[in-house]
Amino acid sequence: MPDKQDSLARRGLTLSRRVLRRLNEVGIFVQSQVSLEHQHLVKRYVVRGIESGGAVKDLGRYVSFCAADGEPLPYLHPIDAIGVNGVHAVVVAPVLVRIELFRAGRTCQLLITKHEPGQVENGRRPPLENRVLFRGVNGLVDLDFLRPGSDLAGRSVMPEFWSRAGEPLGIPEVFAAAVGAATKGVSCVRCSHSHYLVTPVNVIGRWREQSQSNTAKC
């Protein structure tokens, strides 16, 4: 039976019905679930997630993913959504670290979780193992960095968190860049792009070949 930490990691941030209703009203859609998938060609299990989210002026929610060492992962493919502040790209990897951030005004909730396949026993499908790496409650983000027109790309934007006793809670340094990207995501009004997943090199190659082919036909 999964323990509390596993259940929290699998479920993700717990937001009230009122908050979820408000997110729906302003059109911010986040798909925070991760799933265990089997790659038949290479005979291995992987974890699948979807980078998604965005913001309006006073509200934002964003989910992104990185490798276990905090490095950016290439997405499998982008998703062209009809609207904004929705799904952006699919990522598949043997291990995923999920960065989930919610912002209401200046106040942030952060959950960093790790997801990977468990042990395969007797040829059975393994469990999806989930672990909480960091949980920050009622943190503060500097709105000066979030105001319209600010140069977020050139600044380090990070929320700050404290324990119940008022002591600083340091976000793991290895995930600082990923959290910074998610913080930009929760302030990106009408978001329509990924903030941390990167374009695969082989996709760029195919796009270039297709572009060259189309140019030759013109």
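Residues numbered from 1 in each chain as written. Predicted model: local features only at pLDDT ≥ 70, side-chain atom pairs only at ≥ 80, totals over all residues. Heavy atoms only, no water.

1. Quick look at the overall build of the protein
The secondary structure content of the protein amounts to 4 helices and 10 strands. Secondary structure of the protein in N-to-C order comes out as α-α-β-β-β-β-β-β-β-β-β-β-α-α. Counting across all 218 residues of the protein, residues that qualify as buried make up 42%. Counted over contacts in the protein with a minimum sequence separation of 6, partners at least 24 positions apart contribute 64%. (Helix = DSSP H or I, 4+ residues; strand = E, 2+ residues; numbered from the N terminus. Buried < 20%, exposed > 50% of the residue type's maximum accessible area, 1.4 Å probe, protein only. Contact = heavy atoms within 4.5 Å.)

2. Some thoughts on the nonpolar core
Ranked by internal contacts, the top residues of the largest apolar core, which has 26 residues, are Leu23, Phe65, Leu73, Val91, Leu96, Phe102 and Leu197. Elements supplying a minimum of two residues to this core: α1 (4–11), β2 (44–56), β3 (59–66), β5 (87–93), β6 (96–104) and β8 (128–140). Not counting the four nearest positions on each side in its chain, Leu23 is found in contact with Leu15, Ile28, Leu59, Arg61 and Phe102. Counting residues in each nonpolar core, the second largest holds 22 residues, with Val141, Ile171, Ala178 and Val186 among its members. (Core = buried A, V, L, I, M, F, W, Y, C linked by side-chain atoms within 4.5 Å.)

3. Notes on the pattern of salt bridges
Throughout the structure, instances matching the rule amount to 4 salt bridges. Glu100 is the salt-bridge partner of Arg98, the closest N and O atoms lying 4.0 Å from each other. Look at Arg98 and you get buried, because its relative accessible area is 0%. What you see here is one network of salt bridges that share partners, running through Arg61, Arg98 and Glu100. (Salt bridge = Lys/Arg side-chain N within 4 Å of Asp/Glu carboxyl O.)

4. Brief notes about the environment of Leu36
Its location among the elements puts Leu36 in strand β1 (residues 35–39). The exposure class assigned to Leu36 is buried, which follows from its relative accessible area of 8%. Not counting residues up to four positions away in its chain, the partners in contact with Leu36 are Tyr45, Val46, Pro117, Arg125, Pro126, Pro127 and Leu128.

5. Describing α1
Every buried residue belonging to α1 is among Asp6, Leu8 and Ala9, and all of these are buried. Projected onto a plane normal to the axis of α1, the buried residues spread over an arc of 165 degrees and lie on a single side. Residues of α1 that are buried in the fold lie against β6, β7 (107–117) and β8. Gly12 lies just past α1 and shows a positive phi near 90 degrees. (Arc of directions from axis to C-beta.)

6. Points about the confidence of the model for the protein
Note: predicted coordinates in regions of low pLDDT should not be interpreted at a detailed level. Considering every residue of the protein, the mean pLDDT works out to 87; 84% of them sit at 70 or more. For residues 214–218, every residue scores under 50 in pLDDT, and the model assigns this stretch 0 contacts once sequence neighbours within four places are set aside. (pLDDT = per-residue confidence, 0-100.)

7. Examining the packing of aromatic side chains
One pass over the full model with this rule turns up 1 aromatic pair. When the centroid spacing of 5.9 Å and the interplanar angle of 70 degrees are considered together, the rings of Phe134 and Phe161 count as edge-to-face. Residue Phe134 is found in strand β8, and its partner Phe161 is found in strand β9 (residues 161–162); the two are separated by 27 residues along the sequence. Exposure class is identical for Phe134 and Phe161. Each is buried. (Phe/Tyr/Trp six-rings, centres within 6.5 Å; stacked < 30°, edge-to-face > 60°.)

8. Details of the side chain of Arg61
Along the chain, Arg61 falls in strand β3. A distance of 2.9 Å separates the side chain of Arg61 from the side chain of Glu100, its partner in a polar contact. (Polar contact = N/O pair within 3.5 Å; in protein donor to acceptor, adjacent residues only side chain to side chain.)

9. Things to note about the state of the cysteines
Evaluation of the coordinates by the stated rule reveals 0 disulfides. Unpaired in this structure, Cys191 has its nearest cysteine sulfur neighbour in Cys188, at a distance of 3.6 Å. Looking at Cys191, the relative accessible area reads 1%, which means it is buried. (Disulfide = S-S within 2.5 Å.)

10. Remarks on the pairing of β6
β6 sits mainly inside the fold: 8 of its 9 residues count as buried. The sheet contact formed by β3 and β6 spans 8 bridges and is antiparallel. Of the residues in β6, the one forming a bridge with Tyr62 is Leu101. Two elements, β6 and β7, share 9 bridges in a ladder whose sense is antiparallel. From the neighbouring strand, Leu101 faces β7, where its bridge partner is Leu110. Two successive antiparallel strands, β6 and β7, enclose a turn made up of 2 residues, where Gly105 displays a positive phi of approximately 65 degrees. (Pairing = 2+ DSSP bridges.)

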